[in-house]
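Letter by letter, the chains look like this.
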Amino acid sequence: MEAKINRFFDSVGSFFSGNSENIPWCDHDIIAGCEKEVREAVTEEQKRDSVMRLSWALVHSKDHADVNRGIAMLEASLANSSSSLVTREKLYLLAVGYYRNGDYPRSRQLVDHCLEIEPDWRQARTLKKAVEDKIAKDGLIGVGIATTAVGLVIGGIAAALVRKS
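From a predicted model like this one, the values you see are computed outputs, not experimental measurements.

1. Observations concerning the overall build of the chain
Next, step 1: Within the chain, the secondary structure is distributed over 7 helices and 0 strands.
Next, step 2: Out of the 165 residues belonging to the chain, those deemed buried represent 32%.
Next, step 3: Surface summary for the chain: the accessible area is close to 9,900 Å², and the carbon and sulfur share equals 57%.

2. Considerations on the packing of helix H2 (residues 28–40) against helix H3 (residues 44–59)
Next, step 1: Direction vectors running N to C along H2 and H3 enclose 160 degrees, while the axes themselves pass 9 Å from each other. Between H2 and H3, the angle falls in the class roughly antiparallel. Crossing handedness for the pair H2 and H3: left-handed. Residues Ile 30, Ile 31, Cys 34, Glu 35, Glu 37 and Val 38 of H2 form the contact with H3, whose own contacting residues are Ser 50, Val 51, Arg 53, Leu 54, Ala 57 and Leu 58.
Next, step 2: Of the residues belonging to the contact of H2 with H3, the class tally is 8 nonpolar, 1 polar and 3 charged.

3. Focus: the nonpolar core
Side chains of nonpolar character tend, in soluble globular proteins, to be buried together.
Next, step 1: Within the largest apolar cluster, 23 residues are counted, with the highest numbers of intra-cluster contacts made by Tyr 92, Tyr 99, Ala 124 and Leu 127.
Next, step 2: At the level of secondary structure, the elements contributing two or more residues to this core comprise helix H4 (64–78), helix H5 (84–100), helix H6 (104–117) and helix H7 (122–164).
Next, step 3: Considering every element that reaches this core, the biggest residue donor is H5, with 8 residues.
Next, step 4: Ranked by size, the runner-up nonpolar core spans 7 residues in total, among them Ile 31, Cys 34, Leu 54 and Ala 57.

4. Structural notes on the pattern of salt bridges
Next, step 1: Under the defined criterion, the tally for this structure stands at 7 salt bridges.
Next, step 2: For the salt bridge of Glu 35 with Arg 69, the shortest nitrogen-to-oxygen distance reads 2.7 Å. Residue Glu 35 is found in helix H2, and its partner Arg 69 is found in helix H4; the two are separated by 34 residues along the sequence.
Next, step 3: For the salt bridge of Asp 112 with Lys 128, the shortest nitrogen-to-oxygen distance reads 2.8 Å. Remark: Lys 128 occurs in helix H7 and Asp 112 occurs in helix H6; sequence separation between them is 16 residues.

5. Some details on H3
Next, step 1: With 16 residues, H3 should cover 22 Å at 1.5 Å per step; its first-to-last C-alpha distance of 23 Å lies within 8% of that length.
Next, step 2: Every buried residue of H3 is listed here: Ser 50, Leu 54, Ser 55, Ala 57, Leu 58 and Val 59.
Next, step 3: Summarising the contacts, the buried residues of H3 are in contact with H2, H4 and H5.

6. Concerning the packing of H3 against H5
Next, step 1: Two elements in contact, H3 and H5, have axes whose closest approach is 9 Å; the angle formed by their N-to-C orientations is 20 degrees. As judged from the angle between their axes, H3 and H5 are roughly parallel. The handedness of the crossing between H3 and H5 comes out as left-handed. Across the interface between the two elements, Met 52, Trp 56 and Val 59 of H3 pack against Val 86, Glu 89, Lys 90, Leu 93, Val 96, Gly 97 and Arg 100 of H5.
Next, step 2: Its residues placed into classes, the contact of H3 with H5 shows 6 nonpolar, 1 polar and 3 charged.

Thresholds, definitions, all that
Residues numbered from 1 in each chain as written. Predicted model: local features only at pLDDT ≥ 70, side-chain atom pairs only at ≥ 80, totals over all residues. Heavy atoms only, no water. Helix = DSSP H or I, 4+ residues; strand = E, 2+ residues; numbered from the N terminus. Buried < 20%, exposed > 50% of the residue type's maximum accessible area, 1.4 Å probe, protein only. Areas by Shrake-Rupley, 256 points an atom, 1.4 Å probe, with all protein chains shown as cover. Axes fitted to C-alpha atoms, helices over the stretch in contact; angles between N-to-C directions. Parallel < 35°, antiparallel > 145°, perpendicular 65-115°, else oblique. Left-handed = near helix turned anticlockwise from the far one by under 90°. Contact = heavy atoms within 4.5 Å. Nonpolar A, V, L, I, M, F, W, Y, C, P; charged D, E, K, R; others polar. Core = buried A, V, L, I, M, F, W, Y, C linked by side-chain atoms within 4.5 Å. Salt bridge = Lys/Arg side-chain N within 4 Å of Asp/Glu carboxyl O. Expected span 1.5 Å × (residues − 1).

Don't take any of this as a statement about function, it's just geometry.
In structure tokens:
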């Protein structure tokens, strides 16, 4: 268990050092611990805090079902946020969830909203860079695919014309 916790903290440290491909991951043991914490919460404050930790763990999971569950929990609780700090945290976690699911435009929109609330938030800036890098990479791949398709069509037309001659 200690080795898992150390790997988790190493991944968090890598994320903050600017390695945008290394957003922290969370495994099922940590999620199970957070779920237990939610079940055992006595006061409303304890439950609220443990649900927030569970949401964090879920959107950082490698399992898309967990990520989707975390997104649903956060979206359901967003309207009940007690302060701009809590709203900012939930928006950030939603941005992470959408990033994990590959919805980069939605992730960027949410992280931009976080930065409107707290412009100097380094964590959000790092996520924004990761999102923009993914959008740029996907855009280049899309351009490459489109160019290849056009080339194949032109090549096919040229081959057909040569055969007719």
